[in-house]
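Below, each chain spelled out in residue letters.
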Amino acid sequence: MFSFRKSVWSRFVLFWPVDSLRVPLVIHRKMVNGIRMSNAQSFLLVGAAHIDRRARSQSAFVPAASNPGHLHTAVGGAVFNAAVVLRAVGAEVAYLGARGGDADGELVESTLSEMGVRDCATTWLDRATPSYTAILDDHGDLVAGIADMALYDFLSPRFFARRHIRELIAGSNALLFDANLPSATIERLVREASGRPTAAIGVSPAKVTRLRGALPLLSAVFLSRAEAAALVDADASADVVELANALVERGIRQASISDGPRLLAILDDGVVLQQEPLVLPNVADVTGAGDTLAGAAFFWFCQGVPFKEAVRRGMAAAFVRVAGGALTAPAFSENSSAVLAEMPPARPVAR
């Protein structure tokens, strides 16, 4: 069994015990979907970095009633959460997004600086910084969430036509973005990133359809079960394996579809596999688990690791986050290695 090490935020001494994960430090270049994978270390993340407010009930949650609990405020957002894990594994990270000219925006800015992330966001001085408010039950599971993200709609295709933005994209080895961006912006961004690994995080059932126009150009997409169902117009009751097969029919080659603590589906070069998760000893907070999976999985995929194995490593990283383990090096990598060692292998699914 494993136990978690905890640490506090600091400027990172970056370390990842690669040998313990049985991956060579130098991986020969290979082609994936026509893109040359070459140990990408410089990642551009585009999308959400804002304020997360998480209210957790102290006792069994009662709908339509006042519930005693605690409110926790911190910086979050889909690509921000991915940035945390990318920094923990030693990647260089640049962030491009939007925030307001308020105290929340200052907190986001200072947190990115402390993490060592190159902050290329634009500030709208007369606007409020986006926020996400999550209501959690006494087990740490999500009851409801409200996303106040309208400012991200200001990131229009015209914004990405600026020379310094195009140069920023050209100077990165890989691109990871989320569906908080407008559809037309996503399509423009993916075209600008042509020739390098590019992946997307689904964010929510309400926004994941913004990815449709860019799907054929993506190296990978990271989804929840509800997001995958919305993306392929499937019934909300469809299981992750059914949804993975539906993604195959739409020409998607690499994807992961998570469903909380239940079975996860991996789509690897058109082959559907299912991965049993480990049983969590303790749920501290589920917020950001899928984003953590995406960040870690995309990192390893860009190092040339087969997608199914990359997703397994992403699952291990998400497990550490949800269980309340440290999200900084070296404790994060040690905890992830321990989880991965106990995870059962992914199994192909007969179609």
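See above for the structure.
These lines cover the structure that appears in this document, whether it is placed above or below. (Residues numbered from 1 in each chain as written. Predicted model: local features only at pLDDT ≥ 70, side-chain atom pairs only at ≥ 80, totals over all residues. Heavy atoms only, no water.)

So, the overall build of the protein chain
Phase 1 of the analysis: Along its length, the protein chain carries nine helices and 18 strands.
Phase 2 of the analysis: Long-range contacts, defined here as pairs at least 24 residues apart, represent 67% of the contacts in the protein chain between residues at least 6 apart.
Phase 3 of the analysis: When the accessible surface of the protein chain is split by element, carbon and sulfur atoms take 52% of a total near 15,100 Å². (Helix = DSSP H or I, 4+ residues; strand = E, 2+ residues; numbered from the N terminus. Contact = heavy atoms within 4.5 Å. Areas by Shrake-Rupley, 256 points an atom, 1.4 Å probe, with all protein chains shown as cover.)

What to know about the pattern of salt bridges
Side-chain pairing between opposite charges can occur once the charged atoms of the two side chains come close.
Phase 1 of the analysis: What the rule picks out here adds up to 14 salt bridges.
Phase 2 of the analysis: Residues Arg-225 and Asp-259 are paired through a salt bridge, measuring 3.3 Å at the closest nitrogen-oxygen approach. Pair noted here: Arg-225 is in helix H5 (residues 225-231) and Asp-259 is in the loop between strand S15 (254-258) and strand S16 (264-268), with a separation of 34 residues, a long-range link.
Phase 3 of the analysis: A relative accessible area of 25% places Arg-225 in the partly exposed class.
Phase 4 of the analysis: As a salt-bridge pair, Glu-309 and Arg-313 come within 3.3 Å of each other at their nearest N and O atoms. Here Glu-309 and its partner Arg-313 are both found in helix H8 (residues 307-322), four residues apart, which amounts to about one turn of the helix.
Phase 5 of the analysis: The class of Glu-309 is partly exposed, set by a relative accessible area of 22%. (Salt bridge = Lys/Arg side-chain N within 4 Å of Asp/Glu carboxyl O. Buried < 20%, exposed > 50% of the residue type's maximum accessible area, 1.4 Å probe, protein only.)

Comments concerning the sheet that holds strand S11 (residues 142-148)
Phase 1 of the analysis: With mixed pairing, the four strands of this open sheet are ordered in space as S5-S4-S10-S11. Whereas interior strands pair on both sides, the edge strands pair on one side only; in this sheet they are strand S5 (69-76) and S11. Neighbouring strand axes in the sheet, compared pairwise and without regard to direction, differ in orientation by 15° on average.
Phase 2 of the analysis: Alignment of strand S4 (residues 50-57) against S5, held across eight bridges, turns out to be antiparallel. Note on S5: the bridge partner recorded for Ser-57 is Gly-69.
Phase 3 of the analysis: Packed onto the sheet, helix H2 (residues 103-115) meets S4 and S5 and runs at close to 100° relative to S4. (Pairing = 2+ DSSP bridges. Axes fitted to C-alpha atoms, helices over the stretch in contact; angles between N-to-C directions.)

Focus on the packing of helix H1 (residues 78-88) against H2
Helix-helix packing is characterised by the crossing angle of the two axes and by the distance between the axes.
Phase 1 of the analysis: Look at H1 against H2: their axes get within 11 Å of each other, and the N-to-C directions meet at 20°. Classified by the interaxial angle, the pair formed by H1 and H2 is roughly parallel. The crossing of H1 and H2 is left-handed. Across the interface between the two elements, Phe-80, Ala-83, Val-84 and Arg-87 from H1 touch Thr-111, Leu-112 and Met-115 from H2.
Phase 2 of the analysis: Partitioned by chemical class, the residues of the contact of H1 with H2 number five nonpolar, one polar and one charged. (Parallel < 35°, antiparallel > 145°, perpendicular 65-115°, else oblique. Left-handed = near helix turned anticlockwise from the far one by under 90°. Nonpolar A, V, L, I, M, F, W, Y, C, P; charged D, E, K, R; others polar.)

Structural notes on the packing of H8 against helix H9 (residues 331-342)
Phase 1 of the analysis: Two elements in contact, H8 and H9, have axes whose closest approach is 8 Å; the angle formed by their N-to-C orientations is 115°. Seen along the crossing, H8 lies across H9 with a hand that is right-handed. Judged by residue contacts, Glu-309, Arg-312, Arg-313, Ala-316, Ala-317, Phe-319 and Val-320 of H8 engage Phe-332, Asn-335, Ser-336, Val-339 and Leu-340 from H9.
Phase 2 of the analysis: Among the residues making up the contact of H8 with H9, the classes are represented as seven nonpolar, two polar and three charged.

Digging into unusual backbone geometry
Phase 1 of the analysis: Although it is not a glycine, Ala-64 sits at a positive phi angle of roughly 55°.
Phase 2 of the analysis: Looking at the secondary structure, you find Ala-64 in the loop between S4 and S5.
Phase 3 of the analysis: The exposed category is assigned to Ala-64, whose relative accessible area is 91%.
Phase 4 of the analysis: The backbone of Asp-233 shows a phi angle near 60°, a positive value even though the residue is not glycine.
Phase 5 of the analysis: Judged by relative accessible area, which is 57%, Asp-233 ranks as exposed.

Quick notes on the sheet that holds strand S13 (residues 198-201)
Phase 1 of the analysis: The 10 strands are arranged S8-S6-S3-S12-S13-S14-S15-S16-S17-S18 in an open sheet whose pairing can be described as mixed. Two strands lie at the open edges of the sheet, namely strand S8 (118-119) and strand S18 (347-348), each paired on one side alone.
Phase 2 of the analysis: Looking at chain direction, strand S17 (residues 271-275) and S18 are connected through two bridges and run antiparallel. For Gln-274, the partnering residue across the bridge sits in S18 and is Arg-347.

Topic: the packing of aromatic side chains
Phase 1 of the analysis: The full count for this structure, using the stated rule, is seven aromatic pairs.
Phase 2 of the analysis: Ring plane angle 35° and centroid distance 6.1 Å describe the contact between Phe-43 and Phe-299, whose orientation is recorded as tilted. Placement of Phe-43 in strand S3 (residues 42-46) and of Phe-299 in helix H7 (residues 289-302) is noted, with a sequence separation of 256 residues between them. Phe-299 shares its class with Phe-43; the two are buried.
Phase 3 of the analysis: Ring centres of Phe-159 and Phe-160 lie 5.2 Å apart, and the angle between their planes is 75°; this geometry places the pair in the edge-to-face category. For the residue pair Phe-159 and Phe-160, the accessibility class agrees, reading buried in each case.
Phase 4 of the analysis: Here the aromatic residues Phe-43, Phe-298, Phe-299 and Trp-300 are joined through ring pairs into a cluster of three or more.
Phase 5 of the analysis: When the ring centre of Trp-300 is taken as origin, the NZ or CZ atom of Arg-313, which lies over that ring, is 4.8 Å away. (Phe/Tyr/Trp six-rings, centres within 6.5 Å; stacked < 30°, edge-to-face > 60°. Lys NZ or Arg CZ within 6 Å of the ring centre and 35° of its normal.)

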